[in-house]
Amino acid sequence: MGTPDSASSQGHHTLVRVQDEPPAWRFGALRLRRYHAADHGTVLALHRQGLAQVGLRPGDGVYYDHDFFRMEDIYLRNDGEFLVGELDGGIVAMGGLRRADLIPGGHARAFGGYAPGAPTLDAAEMVRLRVLPAVQRRGYGAAVVQALEERAVEYGYRILRADTTELQGPALALYRRFGWTETRRETIGGIVNIYIERRLR
């Protein structure tokens, strides 16, 4: 996961669904919409900036970005979603929802790998939650989480999973605010990875 905002300062804004398919929402001045292929460079840069902000880097066993090169397969064609948040014409936030069986877990995840999903929808991972540092603490991270949870319910998932690191305190606080609970911890390359989940039904 990345470095979303704490979502505490913009409580007067409400997330409003403005389009069913492809999905779109508004949260104050922020517009959330589905990822397009033309967004790739900006989204990858935002991902890398978010990880660098907390000291994660390629080769640490936690950092990985190979899924950004298979967005259609991993997110958009397999009962998943990937949203970007636009403000003043630029992408400032993002987050993804993908089947939990598509990407290996733990240390293996940093080395790539992709497998077709199982036939039964059960668990989804919420991943790639990022907010541009210049606009953090405006509630944008919370808006992305709320929109992705809405999509997970629409797809019929039973449980949501995510992981973050001890370095990413605001991300963990945001998830906990939405009722996620910690399930376990794992040390990878000297970095403590925290696994969390939220039951939807």
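Remember, predicted model here, so these are calculated numbers, not experimental data.

Before going further, it helps to examine the overall build of the protein chain. The number of helices and strands found in the protein chain is four helices and nine strands. Across the 201 residues that make up the protein chain, the buried fraction comes to 53%. Within the protein chain, residue pairs in contact and separated by at least 24 positions form 68% of the contacts whose partners lie at least 6 positions apart. A total accessible area of about 8,700 Å² is found for the protein chain, and carbon and sulfur atoms account for 50% of it.

The subject of this paragraph is helix H3 (residues 140-155). When the terminal C-alpha atoms of H3 are compared, their 23 Å separation across 16 residues agrees well with the 22 Å that a helix rising 1.5 Å per residue should span. Buried residues of H3: Tyr 140, Gly 141, Ala 142, Ala 143, Val 144, Val 145, Ala 147, Leu 148, Glu 149, Arg 151 and Ala 152, and no others. Phi turns positive, to about 90°, at Gly 156, one or two residues after H3.

Let us look at the pairing of strand S5 (residues 90-99). Most of S5 is tucked away, with nine of its ten residues classed as buried. Note: strand S4 (residues 81-87) against S5, seven bridges, orientation antiparallel. Across the sheet, the residue bridging to Val 84 is Met 94, located in S5. Linking two consecutive strands that pair antiparallel, namely S4 and S5, is a turn of two residues; a positive phi of about 55° is found at Asp 88 within it.

What follows covers the packing of H3 against helix H4 (residues 169-177). Put simply, H3 and H4 touch, their axes get as near as 11 Å, and they point 50° apart. By the angle between their axes, H3 is oblique relative to H4. Classified by chirality, the crossing of H4 by H3 is right-handed. Across from Gly 141, Ala 142 and Val 145 in H3, the residues of H4 making contact are Leu 174, Tyr 175 and Arg 177. Along the lines of polarity and charge, the residues of the contact of H3 with H4 split into four nonpolar, one polar and one charged.

What follows is about the packing of aromatic side chains. Counted under the stated rule, the structure contains six aromatic pairs. Judged by centre distance (4.6 Å) and plane angle (50°), the ring pair of Tyr 175 and Trp 180 falls under tilted. Residues Tyr 175 and Trp 180 agree in their burial class; the two are buried. Three or more aromatic residues joined by ring pairs form one cluster here, namely Tyr 35, Phe 68, Tyr 75 and Phe 82. Against the face of Tyr 195 rests Arg 184, its NZ or CZ located 3.9 Å from the ring centre.

Analysis parameters
- Residues numbered from 1 in each chain as written.
- Predicted model: local features only at pLDDT ≥ 70, side-chain atom pairs only at ≥ 80, totals over all residues.
- Heavy atoms only, no water.
- Helix = DSSP H or I, 4+ residues; strand = E, 2+ residues; numbered from the N terminus.
- Buried < 20%, exposed > 50% of the residue type's maximum accessible area, 1.4 Å probe, protein only.
- Contact = heavy atoms within 4.5 Å.
- Areas by Shrake-Rupley, 256 points an atom, 1.4 Å probe, with all protein chains shown as cover.
- Expected span 1.5 Å × (residues − 1).
- Pairing = 2+ DSSP bridges.
- Axes fitted to C-alpha atoms, helices over the stretch in contact; angles between N-to-C directions.
- Parallel < 35°, antiparallel > 145°, perpendicular 65-115°, else oblique.
- Left-handed = near helix turned anticlockwise from the far one by under 90°.
- Nonpolar A, V, L, I, M, F, W, Y, C, P; charged D, E, K, R; others polar.
- Phe/Tyr/Trp six-rings, centres within 6.5 Å; stacked < 30°, edge-to-face > 60°.
- Lys NZ or Arg CZ within 6 Å of the ring centre and 35° of its normal.

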